[in-house]
Amino acid sequence: MKIFVVPATYNEKDNIEKFITTLEEAVFPKIKDHDMHILVADDNSPDGTGDIVKALMKKYKNLGINQGPKKGLGAAYIRTMGYAIDKLGADVVISVDADFQHDLQKIPDFVAMIGKGYDVVIGTRYSGGGSIPENWPPQRKAFSIVANIFVRTVFMKFAIHDWTGGYRAIRKEVFLKERSEMSEYNGYIFQIAFLHKAVRDGFKIGEVPFHFGDRTLGNSKIAPLSYIINVVTFVIATRIKELLFGSFGKFLVVGGLGFVVNFIVLKVLHDSSKWDPFWANLVGAGIAIFSNYNFNNLWTFKDQKISGFGTYIWKMVQFYATSAFGVIFIQSGTIFIGDKLIGPDILLHVGPLHVRYYLLYFVLGTGLLLIWNFFIYSKFIWKKTTK
Ligand SMILES: Nc1nc2c(ncn2[C@@H]2O[C@H](COP(=O)(O)OP(=O)(O)OP(=O)(O)O)[C@@H](O)[C@H]2O)c(=O)[nH]1
Ligand SMILES: [Mg+2]
């Protein structure tokens, strides 16, 4: 494979020469079966980093530089990885910091993992022997750890241990697939956004634990406060969009349709056919659950569509059972508990509105019911099977 190590540089004149010679003299000789290159992603560093690289290019023929205006770390990676893949025939690109915080001796491990069939290999500081610098002040350590736990939890992707790091090997196919969606993530948020899309698209992610060193030369470019704000906003906004436009949003639409079906059947049977409202509603609810089951199967969870008549019937029985359980124990149960503990008849004055408490229990109970149903549907009835 043709592999390009792509260090991002902005004013790294103190580090870049040693960085390149380390790769060329102490790392690449250990990788026998692949064609190794370096393409520096430099944003016209005013300190002359580019000139140092150009001087070294006379000595190392597998060394190149891709320069452009400073638009942030993500933009630099997209530009330079894109150049390596589009113009220079790279099969794999490896992003790495140029300040020696990423242990270069791990590059053979990244390459080996790609060789084993992983599409993206991430360097991880938080699992299996990885670590962050001992001498970091406690608040920086805490932020780094908490930020990763936060991302893993909000995305519900616990198997990935390092979302924010920048040490990664990426197969060309992944880059080409995700590139068009990456243009808005210019800064450090690029790391989280790219990985999130690769995971979403089912690419196989591997991990290489490493010790994250401290910067000893040159200056840090990261602005901690704006970075924290960006991470939180990106992760939460992405998750909400994913839920609303993803399966949770569809589940709500299907449920809303079920509600309408229930209502119409109740009304028709009661008004026109003079049924007792209890029985009319029972039939309406039964038909609504049937409609929910089928629309969820065909639309909400279509990627896990149930097929085969036996499974279809068996899962439908489970669906009716969990729906009934939810209505009886969770929705009605909430009303029951509220009623017993607080009472149904207290009037709440919200501006011109006079709401009785039992209606609040109903709203709360329905909210809990939705969460229960979605949980059971996505984790059991239409459980995702791994590739
Ligand atoms: N091309 C380019 N490189 C950048 C830019 N910002 C940062 N870098 C490089 O990206 C790498 C990571 O940036 P750092 O400033 O080291 O960030 P950090 O590692 O989180 O912070 P420290 O621990 O203080 O070093 C370094 O090699 C930087 O030179 C940018 O806007 N453009
Ligand atoms: Mg650094």
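To be clear, the structure that these remarks concern was listed above.
These remarks concern the structure in this document. No experiment lies behind these values; they were computed from the predicted model shown.

About the thresholds
- Residues numbered from 1 in each chain as written.
- Chains lettered and ligands numbered in written order.
- Predicted model: local features only at pLDDT ≥ 70, side-chain atom pairs only at ≥ 80, totals over all residues.
- Heavy atoms only, no water.
- Near = heavy atom within 4 Å.
- Polar contact = N/O pair within 3.5 Å; in protein donor to acceptor, adjacent residues only side chain to side chain.
- Areas by Shrake-Rupley, 256 points an atom, 1.4 Å probe, with all protein chains shown as cover.
- Helix = DSSP H or I, 4+ residues; strand = E, 2+ residues; numbered from the N terminus.
- Axes fitted to C-alpha atoms, helices over the stretch in contact; angles between N-to-C directions.
- Parallel < 35°, antiparallel > 145°, perpendicular 65-115°, else oblique.
- Left-handed = near helix turned anticlockwise from the far one by under 90°.
- Contact = heavy atoms within 4.5 Å.
- Phe/Tyr/Trp six-rings, centres within 6.5 Å; stacked < 30°, edge-to-face > 60°.
- Buried < 20%, exposed > 50% of the residue type's maximum accessible area, 1.4 Å probe, protein only.
- Patch = residues over 30% accessible without salt bridge, like charges linked within 9 Å, V, L, I, M, F, W, Y side chains within 5 Å.
- Salt bridge = Lys/Arg side-chain N within 4 Å of Asp/Glu carboxyl O.
- Nonpolar A, V, L, I, M, F, W, Y, C, P; charged D, E, K, R; others polar.

1. Observations regarding the site of ligand 1
As a matter of local geometry, ligand 1 sits amid 20 residues, with E12, K70, Q101, R215 and K221 nearest to it. At 2.5 Å from an oxygen atom of ligand 1 is found a side-chain nitrogen or oxygen belonging to K70. Compared with its free state, where it exposes 630 Å², ligand 1 has 95% of that area covered by protein. For the shell around ligand 1, the elements supplying multiple residues, two or more each, are strand 1 (2-9) and helix 3 (73-86).

2. A closer look at the packing of helix 10 (residues 277-300) against helix 11 (residues 309-341)
One way to put it is that helix 10 packs onto helix 11 with a least axis distance of 10 Å and a crossing angle of 125 degrees. In this view, helix 10 runs oblique relative to helix 11, as classed from their interaxial angle. Seen along the crossing, helix 10 lies across helix 11 with a hand that is right-handed. Here helix 10 contributes G286, I289, F290, N292, Y293, N294, N296 and N297 to the contact with helix 11, which in turn contributes T311, Y312, K315, M316, F319, Y320 and S323.

3. Regarding the packing of aromatic side chains
Applying the stated criterion across every chain, the model contains 28 aromatic pairs. Ring geometry for F190 and F194: centres 5.8 Å apart, planes at 35 degrees, overall tilted. Of this pair, F190 and F194 both sit in helix 7 (residues 190-200), four residues apart, which is roughly one turn of that helix. Relative accessible area serves as the criterion here: at 3%, F190 is assigned to the buried category.

4. Side note on a nonpolar patch on the surface
Taken together, the side chains of L225, I228, I229, V232, I236, I240, L244, F245, L252 and L370 define a hydrophobic patch exposed on the protein surface, amounting to about 890 Å² of accessible area. Looking at the nonpolar patch element by element, the count peaks at eight residues for helix 8 (residues 224-245).

5. Focus: the packing of helix 5 (residues 138-155) against helix 8
Contact geometry for helix 5 and helix 8: axes closest at 10 Å, N-to-C directions at 10 degrees. One way to sum up the angle between helix 5 and helix 8 is to call them roughly parallel. For the pair helix 5 and helix 8, the contacting residues are F143, F150, V151, V154 and F155 in the first and Y227, I228, V231, V232, F234, V235, I236, T238 and R239 in the second. Among the residues making up the contact of helix 5 with helix 8, the classes are represented as twelve nonpolar, one polar and one charged.

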